Amino acid sequence: MTIPSTSPAIELPEVIQRSNELLAGHQQTIWRRTDRLFAGLLGFEWIAGIILALWRSPTTWSGPAASVHPHVYSATILGALCIVLPIYMAMTRPGFILTRHLIAVSQMLMSGLLIHLGDGRIEMHFHIFGSLAFLAFYRDWRVLVSASGIVAIDHLVRGMFLPQSVYGAFAASNWRTLEHAGWVVFENLFLVASCVQAVREMRGIADHRALLEHNHRDVGRQVQERTQQLNDAQASLMKAARSAGMAEIATSVLHNVGNVLNSVNVSATIVADRLKNSEISTLAKVSELITQNRGDLANYLTHDERGRLVPDFVTQLAVELESEQKMLIGEVNGLAKGIEHIKQIVAAQQNMAKKVTLRTAVDAAELVESALAMQGAASMSQIEIVRNYDKLPRAMLDEHQVLQILINLISNATQAVRETAPGKRQISLSVCRAVTENQTMLRYQVCDNGMGIAAENIGRIFSHGFTTKENGHGFGLHSAANAACEMGGSLTVKSEGINLGAAFTLEVPITFAEESVSCNR
Amino acid sequence: MLNLTHRKSQVDAGNGIVHIMGKPAFCRIIAIIWFMAIIAGFAIVWKFDVTAGPMPHPSASFPTNAPLAREAGRATLVMMLHPHCPCSRASMTELEKLMGTNPLTVKAHLVFSQQARQPDVSQSELWKRAVQIPHAVAVKDSDGTVSSMFGAHTSGEVFLYDADGIIRFAGGITASRGHEGDSDGRAAIQAVLDDNAPAMMQTPVFGCSLR
C-alpha cells in the first residue's frame, strides 16, 4: 500500500533526488541480499543434484559390466558449470544487474538438470514454478523475464530438434506448447504484479522518508533561527536590564550622594557664614587703633578711655577666635568626611558592577555616629537622640554600604519626626550582636516616634518607586534593602500605624575579632 | 534490458577490433561464453538421453517355446528388464500406468535378465516393484534365452501380442532415456488395447544393454 503524501514539498527537486537515492539504496540492499541467498541455494542444488544422481542412477550397465552413469557426470560437471559464474558474480558483484540475471538463468538451468536427473518426474517440474517465486524476491520483474525466457528457449529448441524429450511425442501439437507456456505466464502474471506493487510501496516509503528528512532539516533550521532570535532578544533584554540597572545605580548614586550633599551643603554654608561674620574683622579695628596710637602706645593703653579697654578686648577676642577656629575645624572635618563618603558611594557603585565587596574592620557604634554626623546639626536640632550601643569589638563588614543604609534610615527618621511636636521628637539608635541559625549578625535599629507607616503600606515600603513623601522618589529604602541583601543580611520594618512611629532593623552577617556581650532577639 | 555498461567500448574502424574499456563488457563476454558452454553440456546430455538401443526384431507371433503363459482372450505384454538399469525405472512407471488403466485386457510378463556375478534379480528394486503390479508376473531369465526368443537387446523393451498372439507393438514406452511421461510407445500400446489402429508399431528403446 503506497503511503500518500500530499505535501507540496514532495515536488521539490532535492526531495525527489533524495527519494531516488533512498529507493536505489533500498533496492540495492534487496538485490545484494537476494544474490547471496541464491548463491547459497545454487550451491545447495548442485550438491543435491550430485546426491540424486548417485542415489538414483550411479551406474549404467551393459550386461554384467557396469560403468559410471552419465548422470553422475552431468550432475557434477554440468551442474558446476551452471552455478560457477552466478555464484562468483553474487560474491564479487552483489547487486549488479548482470548478477541477478545470471542467477535467474542459472536457476532455470538447474531446474532442467534436476528434472533430467529425477527421471523427468512431474514432481521435479515443481522446481520451475518454485524458482520463479523465489526470483520474485528481487522485486525486479525483468529477472522473471530472463528466467521464463530460458524455459521458453529450452522448449522451443528441444521442441524443434527433440520434441519427444519435451512432450513425449515426435510430433507435438502447438497447443501443447501453449499449454506449457500458459502455466508459466499464469504464475508470472501474479509475480510481476507483486514485484511492481512492491517497488511502488518502496517508492512510497522513500518519498515519505525523504519528506521527513526534508521537514526535519527545515524544522532544524527553524529551531536554529528561533534560537538565534531568542538569543538576540535575550541580549536585548539583558542590555535593557543592564541599562535599567545602570539607571538604578545612577539613581542610587544620586540619592545617596544627595543625602550626603545635604550635610555637606549645610557644613559649607556654616563655614561660609562663619568666615563671613568672623571676629577677625574686629581684630583689624583693634590693629588700626594700635597703629594710630603707635607713637604713644603705652600712654594710650593706660590713660586713654578707649585704650584701656584694648587689652581686655584682645584677650576676649583671642578666646572668640579660638572658639571660632574649633567650630570651623569641626565643620571642615565634617565636610571632608562627607566628601570622602561621596567618593566612597561612587566607588561602591562602580565596584557593584565588578561584584567586589570591600570588608574592613569597623567600630559598629562609630558607624552610627558617622551616619548621624552626616545629617548635619541643623536637621538634628530639636530631636532627642537616644543611644543604646553594646560594647562590641571591631567587626568585618562593608563599611560604606552599612553607612549608606544608616544614613538613609536616620534621614527618614528625622523627616518622620518633623510632624511631631518640638520637644517630643525622639530617635533611638541601637547596636548589638545577634546570633541566628549559627551565624553572627550585627543588628542596627533606628526607631522614631514620628508619623509611622500605615498598615496597608508596610508591605510596599521597600518597593522601588514607593514613597509617602511629597518630594520623594521611592528609592532610598529600596536601595537600602537591596544593599542589605547583597551583604547577606536583611532590612525590616515595624510600625504600629499612623503617628505611632516606626522601627527599622538592619542585620548584616559579620565576624568579630573578640567575644562580646550579645543581645537576645 | 541488460544495462551493464558505465563505460563505452570503442571500435577501431581500421581493423574492426573492439577495445574493451571496462569490466562490465568483459563480464558480458564471459557470460556469453559461459552460456554457450552450458548449452554444449546440455546438448551432450540430451544426445545421450535420446540415444536408443538397437531396434528389436521380434517374431511375428508369440514364441511357442517361451516359458511365459498367455491368457485366452487377453493381450500379452512382455517387458525385458536389466535388474539394475536406472533408466528402466521410468519404463516401469509407464507400465504401471498402462496396467492400471487396462487391468482386464492385458497380462504382463516382466522378464528380468539375471546377470553373472550379480545378486539375484529378486533383490533388485525393479523386481520388487514388478511383483506389486496387478496382472503382472515377474520372470527370471537366468541365461538370456527368453530375451533371445523375443529378440530383445535393451532393458525396457516391450513386446505386445494381441489375444491371438500376433505381434502388435515392439519398442520402448518412454520418450527418452529414463524419462517418465507421455510417449509414442505408451500411446501405441494403449491404442492396440483400445482396438484402435496404432500410430506406429515400433519405437526406440532407451535403457541399458541386456547383453
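Refer to the preceding data block for the structure.
Reference entry: report on the structure contained in this document. (Residues numbered from 1 in each chain as written. Chains lettered and ligands numbered in written order. Predicted model: local features only at pLDDT ≥ 70, side-chain atom pairs only at ≥ 80, totals over all residues. Heavy atoms only, no water.)

## Section: the overall build of chain A
Here is the rule: Secondary structure elements follow DSSP: runs of H or I no shorter than four residues count as helices, runs of E no shorter than two count as strands, and numbering proceeds from the N terminus. For the exposure calls, accessible area comes from a 1.4 Å probe over protein chains only, and a residue counts as buried if that area is under 20% of its type's maximum, exposed if over 50%, partly exposed in between. Throughout, a contact is declared for two residues whenever any of their heavy atoms are within 4.5 Å. Values of accessible area rely on a 1.4 Å probe in the Shrake-Rupley scheme; residue burial ignores everything except the protein chains shown.
Counting secondary structure elements, chain A contains 14 helices and ten strands. Taking all 521 residues of chain A together, the buried fraction comes to 41%. Sequence separation of 24 or more characterises 74% of the internal contacts of chain A that already satisfy a separation of 6 or more. Only carbon and sulfur atoms are counted for the fraction: they give 60% of the accessible area of chain A, which is about 28,700 Å².

## Overview of the packing of helix 12 (residues 399-416) of chain A against helix 14 (residues 476-486) of chain A
Residue and element names in this part refer to chain A. Rules: A fitted line through C-alpha atoms serves as each axis, taken over the contacting stretch for helices, and the angle formed by two N-to-C directions is quoted from 0 to 180°. Angular relationships are summarised with four words: roughly parallel below 35 degrees, roughly antiparallel beyond 145, roughly perpendicular across 65 to 115, and oblique for the angles in between. Working rule for handedness: look at the near helix, and if it is turned counterclockwise from the far one by less than a right angle, call the crossing left-handed; if clockwise, right-handed. Each residue is assigned to one of three groups, with Ala, Val, Leu, Ile, Met, Phe, Trp, Tyr, Cys and Pro labelled nonpolar, Asp, Glu, Lys and Arg labelled charged, and all others, Gly among them, labelled polar.
Running from N to C, helix 12 and helix 14 point in directions that differ by 150°, and their axes come no closer than 10 Å. Classified by the angle their axes make, helix 12 and helix 14 are roughly antiparallel. Helix-helix and strand crossings are classified by hand; for helix 12 and helix 14 the assignment is left-handed. Counted together, Gln401, Ile405, Asn408, Leu409 and Asn412 of helix 12 and Gly476, Leu477, Ala480, Ala483, Ala484 and Glu486 of helix 14 form the full contact between these two elements. Class assignment of the residues belonging to the contact of helix 12 with helix 14 gives a composition of six nonpolar, four polar and one charged.

## Focus on the packing of helix 11 (residues 364-375) of chain A against helix 12 of chain A
Residues and elements named next belong to chain A. Between helix 11 and helix 12, whose axes approach to 9 Å, the crossing angle comes to 50°. Judged by the angle between their axes, helix 11 and helix 12 are oblique. Pair helix 11 / helix 12 crosses with right-handed handedness. From helix 11, Leu367, Val368, Ser370, Ala371, Leu372, Met374 and Gln375 reach across to helix 12, where they touch Glu399, Val402, Leu403, Leu406, Ile407, Ile410 and Ser411. A class-by-class count of the residues in the contact of helix 11 with helix 12 yields ten nonpolar, three polar and one charged.

## Regarding unusual backbone geometry
Residues and elements named next belong to chain A. In this model, aspartate 119 sits at a positive phi of 65°, which is unusual for a non-glycine residue. Turning to its location among the elements, aspartate 119 is positioned in the loop between helix 3 (97-117) and helix 4 (126-135). Owing to a relative accessible area of 2%, aspartate 119 belongs among the buried residues under this scheme. With a phi close to 65°, asparagine 499 is a non-glycine residue in the positive phi region. For asparagine 499, the location among the structural elements is in the loop between strand 8 (490-494) and strand 9 (502-509). Classification of asparagine 499 as exposed rests on a relative accessible area of 55%.

## Thoughts on a nonpolar patch on the surface
Residues and elements named next belong to chain A. Here is the rule we go by: Residues with no salt bridge and a relative accessible area higher than 30% make up the patches, which join like charges within 9 Å and nonpolar side chains (Val, Leu, Ile, Met, Phe, Trp, Tyr) within 5 Å. For this document, the term salt bridge refers to a Lys or Arg side-chain nitrogen within 4 Å of an Asp or Glu carboxyl oxygen.
Judged by side-chain polarity, Phe129, Trp183, Val185, Phe186, Leu189 and Phe190 come together as a nonpolar surface patch covering roughly 660 Å² of accessible area. When residues in the nonpolar patch are grouped by element, the largest group, five residues, is from helix 7 (residues 174-276). Relative to the helices and strands, phenylalanine 129 is located in helix 4. By relative accessible area, which is 30% here, phenylalanine 129 ends up partly exposed.

## Side note on the sheet that holds strand 3 (residues 360-362) of chain A
Put simply, the rule is: Strand pairing requires that DSSP identify at least two bridges connecting the strands.
The strand order across the open sheet built from three strands is 3-5-10 (chain A), with neighbouring strands paired in antiparallel fashion. Each end of this open sheet is capped by a strand with a single partner; those strands are strand 3 and strand 10 (511-512) of chain A.

## Topic: the packing of aromatic side chains
Here is the rule we go by: Stacked, edge-to-face and tilted are the three classes for Phe, Tyr and Trp ring pairs, Trp counted by its six-membered ring, which pair at centre distances within 6.5 Å; planes under 30 degrees apart are stacked, over 60 edge-to-face, the rest tilted. Look at NZ for Lys and CZ for Arg. If either is within 6 Å of the ring centre and within 35 degrees of the ring normal, a charge sits over the ring.
The tally for this structure, following the rule as stated, stands at eleven aromatic pairs over all chains. Geometrically, the ring pair formed by B:Phe150 and B:Phe159 is tilted, given 5.9 Å between the ring centres and 35° between the ring planes. A relative accessible area of 0% places B:Phe150 in the buried class. Taken together, the ring pairs in this structure connect B:Phe62, B:Phe150, B:Phe159 and B:Tyr161 into an aromatic cluster. Above the plane of the ring of A:Trp55 lies A:Arg56, whose end atom (NZ or CZ) is 5.7 Å from the centre. Taking the ring centre of A:Trp31 as reference, the NZ or CZ of A:Arg100 above it sits at 3.6 Å.

## A few points about helix 5 (residues 184-193) of chain B
Because an α-helix packs 3.6 residues into every turn, residues spaced three or four apart end up facing the same way. Residues and elements named next belong to chain B. For helix 5, the buried fraction is high: eight of the ten residues fall into the buried class. Where the residues of helix 5 are buried, they touch strand 3 (75-81), helix 2 (88-101), strand 4 (106-113), strand 6 (158-161), strand 7 (167-171) and strand 8 (202-203). Looking one or two places after helix 5, you find aspartate 195, whose phi comes out positive at around 60°.

## Some points on the environment of A:Val346
All names here are of chain A. Positionally, valine 346 belongs in helix 10 (residues 310-354). Judged by its relative accessible area of 34%, valine 346 is partly exposed. Measuring from C-alpha to C-alpha, the distance between valine 346 and serine 252 comes to 9.5 Å, with 94 residues separating the pair along the chain.

## Side note on the sheet that holds strand 8 of chain A
All names here are of chain A. Spatially, 4-6-7-9-8 is the arrangement adopted by the five strands of the open sheet, whose pairing is mixed. The open sheet terminates on both sides in strands that have one partner only, identified here as strand 4 (384-389) and strand 8. Across the sheet, the axes of successive neighbouring strands diverge by a mean angle of 15°, strand direction being ignored. Here strand 6 (residues 426-436) pairs with strand 7 (residues 439-448) via ten bridges, running antiparallel. By the bridge assignment for strand 7, valine 431 is matched with tyrosine 444. Strand contacts of helix 11: strand 4, strand 6 and strand 7, with the helix running at about 165° to strand 4, the strand carrying the most contacts. Its contacts with the sheet place helix 14 against strand 8 and strand 9, and it is angled at close to 135° to strand 8.

## A short note on the environment of A:Leu23
Residue and element names in this part refer to chain A. Along the polypeptide, leucine 23 turns up in helix 1 (residues 13-56). With a relative accessible area of 8%, leucine 23 lands in the buried category. Those residues within four positions of leucine 23 in sequence are excluded, and the remaining contacts are Val199, Met202, Arg203 and Ala206.

## Structural notes on the nonpolar core
As a reminder of what qualifies: The set of buried Ala, Val, Leu, Ile, Met, Phe, Trp, Tyr and Cys residues whose side-chain atoms join them within 4.5 Å is what this entry labels a nonpolar core.
Ranked by size, the top nonpolar core spans 58 residues in total, and within it A:Cys82, A:Met108, A:Leu109, A:Leu135 and B:Phe42 carry the most contacts. Mapped onto this core, the elements with two or more residues apiece are helix 1, helix 2 (70-92), helix 3, helix 4, helix 5 (141-161) and helix 7 of chain A together with helix 1 (23-49) of chain B. Sort the elements by how many residues they give to this core and helix 3 of chain A lands first, with twelve residues. If we ignore the near neighbours within four places in the chain, the residues touching A:Met108 are A:Ile128, A:Ser131, A:Leu132, A:Leu135, A:Ala147, A:Ile150 and A:Val151.

## Re the interface of chain A and chain B
Rule in force here: Buried area is calculated as the accessible area (1.4 Å probe) missing from two parts once they are joined, with the contributions of both summed. N or O atoms closer than or at 3.5 Å make up a polar contact, with two conditions inside protein: a donor-capable atom paired with an acceptor-capable one, and, for residues adjacent in sequence, both atoms drawn from side chains.
Counting residues at the interface gives 49 residues for chain A, matched by 43 residues for chain B. Between chain A and chain B, the buried area comes to about 3,800 Å², and carbon and sulfur atoms account for 69% of it. The interface formed by chain A and chain B holds two salt bridges in total. The salt bridge involving B:Glu180 is made with A:Arg121; its shortest N-O contact spans 4.0 Å. The interface formed by chain A and chain B holds eight residue pairs in polar contact (both at pLDDT 80 or more) in total. Listed by contribution, the elements that provide at least two residues to the side of chain A that touches chain B are helix 1, strand 1 (59-62), helix 2, helix 3, helix 5 and helix 6 (163-167) of chain A. Its residues assigned to classes, the side of chain A that touches chain B shows 24 nonpolar, 17 polar and eight charged.

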